[in-house]
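This is what each chain is made of:
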Amino acid sequence: MPSTWNLSRSYDSEQGEIRWDVHGEGPPVVLVHGTPFSSFVWREVAAGLARRHTVYVWDLAGYGQSEQREGQDVSLAAQGRILARLLDHWDLDRPHLVAHDFGAAVALRAHLLEGARYSSLVLADAVALAPWGTGFFQLATEHAETFAALPDPVHEGLLRGYIGWAATRPLPADVLDRLVAPWTGPTGKAAFYRQIVQNDQRLTDEVEPRYDELADLPTLILWGERDAWLPIAQGRELHARIPGSRLRTFADANHLLQHDAPTEVTAELTAWLEEQATR
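What you see is a predicted model, and the numbers here were worked out from it, not measured in a lab.

Reading guide: rules and limits
Residues numbered from 1 in each chain as written. Predicted model: local features only at pLDDT ≥ 70, side-chain atom pairs only at ≥ 80, totals over all residues. Heavy atoms only, no water. Axes fitted to C-alpha atoms, helices over the stretch in contact; angles between N-to-C directions. Helix = DSSP H or I, 4+ residues; strand = E, 2+ residues; numbered from the N terminus. Left-handed = near helix turned anticlockwise from the far one by under 90°. Contact = heavy atoms within 4.5 Å. Nonpolar A, V, L, I, M, F, W, Y, C, P; charged D, E, K, R; others polar. Pairing = 2+ DSSP bridges. Buried < 20%, exposed > 50% of the residue type's maximum accessible area, 1.4 Å probe, protein only. Phe/Tyr/Trp six-rings, centres within 6.5 Å; stacked < 30°, edge-to-face > 60°.

(A) Layout of the packing of helix 2 (residues 76-89) against helix 3 (residues 102-112). The geometry of helix 2 relative to helix 3 is characterised by a closest axis approach of 8 Å and an angle of 60 degrees between their N-to-C directions. Seen along the crossing, helix 2 lies across helix 3 with a hand that is right-handed. Every residue of helix 3 that contacts helix 2 at Leu76, Ala77, Gln79, Gly80, Leu83 and Ala84 is listed here: Phe102, Ala105, Val106, Ala107, Arg109 and Ala110. Across the contact of helix 2 with helix 3, the residue classes break down as nine nonpolar, two polar and one charged.

Printed below as a string of structure tokens:
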């Protein structure tokens, strides 16, 4: 697994270039990140899973190493369509899908609205039930022009505090630098507030009434018990709303459970995937 985490491959999507990569060999697993992150948050988990699986990682349109541009549609609706088309591009019929934060909404929309099919679904600290969005997210949505006009050092300081808030353990300086970097400079700063403005609760409201349709899809829900962005109560509610789902919580993990508990998360996913292979 490259330590620099450079995504070496590209896909020309409806919303510009998507950067992606693939590691390992075995049954296919697709990892989907959330906001304001990138596939980089999966680096440790991906390395562990790649010992037994073919692991696909990608940066959502407008995120990480993927293209950012004015007028770009980076909504959950667009991301769901892109995911469905990526699976076709990769020639994956029923991969295992593991999705975090907004990525969960992307995966759910791709399945329920775009016809993407999965062998199993894992939803981690998922944006899936109303209401969602931190106080900062709501404030930035309502006052995007004001936030976009912040001096660059203030904007970067805000980013560092916001992203750091998602972890129980302090993020190492190089990791925090990597997560903040795509959102800095004129292009990145505009892209950061663009994705906030374009994503609203109606995009999960459209699929929330359909979660009973997941009854035949093996679904595992992972949640950090110390999640400061999406309380554990939402994880329990989502478990209750998806028939036959399983809930696993992590006592010392915040919203970025991949950082707070990478070994435990990898072990849980490995056991889950092994179980699915015997079904």
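(B) Broad picture of the sheet that holds strand 7 (residues 219-224). On the basis of which strands lie adjacent, the open sheet formed by eight strands has the order 1-2-4-3-5-6-7-8 and mixed pairing. Both edges of this open sheet fall to strand 1 (9-13) and strand 8 (246-250), since each of them pairs with a single strand only. Averaged over all pairs of adjacent strands, the angle between strand axes in this sheet comes to 20 degrees, irrespective of strand direction. Alignment of strand 6 (residues 120-124) against strand 7, held across four bridges, turns out to be parallel. By the bridge assignment, leucine 121 is partnered in strand 7 with threonine 219. On top of the sheet, helix 10 (residues 232-241) reaches strand 6, strand 7 and strand 8; it is set at about 170 degrees to strand 7, its chief contact.

(C) View of the environment of arginine 248. As for its placement among the helices and strands, arginine 248 is situated in strand 8. A relative accessible area of 28% means that arginine 248 is categorised as partly exposed. Sequence-wise, arginine 248 and glycine 224 are 24 residues apart; in three dimensions their C-alpha atoms are separated by 8.9 Å. Residues contacting arginine 248, with those up to four places away along its chain left out, are Leu220, Ile221, Leu222, Trp223 and Glu268.

(D) Representation of the packing of aromatic side chains in the model. Applying the stated criterion across every chain, the model contains eleven aromatic pairs. Their ring planes at 25 degrees and their centres at 6.3 Å tell us that tryptophan 20 and tyrosine 56 sit as a pair that is stacked. Here tyrosine 56 lies in strand 4 (residues 54-58) and tryptophan 20 lies in strand 2 (residues 16-23), a separation of 36 residues in the sequence. Exposure class is identical for tryptophan 20 and tyrosine 56. Each is buried. An angle of 15 degrees between the planes, with centres 5.8 Å apart, marks the rings of phenylalanine 37 and tryptophan 229 as stacked. In this pair, phenylalanine 37 is assigned in the loop between strand 3 (28-32) and helix 1 (43-49) and tryptophan 229 in the loop between strand 7 and helix 10, connecting sequence segments 192 residues apart.

(E) Representation of helix 3. Within helix 3, ten of the eleven residues are buried, leaving the element largely enclosed by the surrounding structure. Among the residues of helix 3, those classed as buried are Phe102, Gly103, Ala104, Ala105, Val106, Ala107, Leu108, Arg109, Ala110 and Leu112.

(F) Structural detail: unusual backbone geometry. A cis geometry characterises the amide bond from threonine 35 onward to proline 36, with omega recorded as 0 degrees. Within the secondary structure, proline 36 is located in the loop between strand 3 and helix 1. Each neighbour pair has its own omega, and for alanine 130 with proline 131 the value is -5 degrees, a cis peptide bond. Examined against the element boundaries, proline 131 turns out to sit in the loop between strand 6 and helix 4 (135-142). In this model, aspartate 101 sits at a positive phi of 55 degrees, which is unusual for a non-glycine residue. Along the chain, aspartate 101 turns up in the loop between strand 5 (96-100) and helix 3. Given a relative accessible area of 3%, aspartate 101 falls into the buried group. Even without being glycine, aspartate 125 reaches a positive phi, approximately 40 degrees. Mapped onto the fold, aspartate 125 is located in the loop between strand 6 and helix 4. On the accessibility criterion, aspartate 125 (0% relative accessible area) is buried.

Function-wise, these values are silent; they only describe arrangement.
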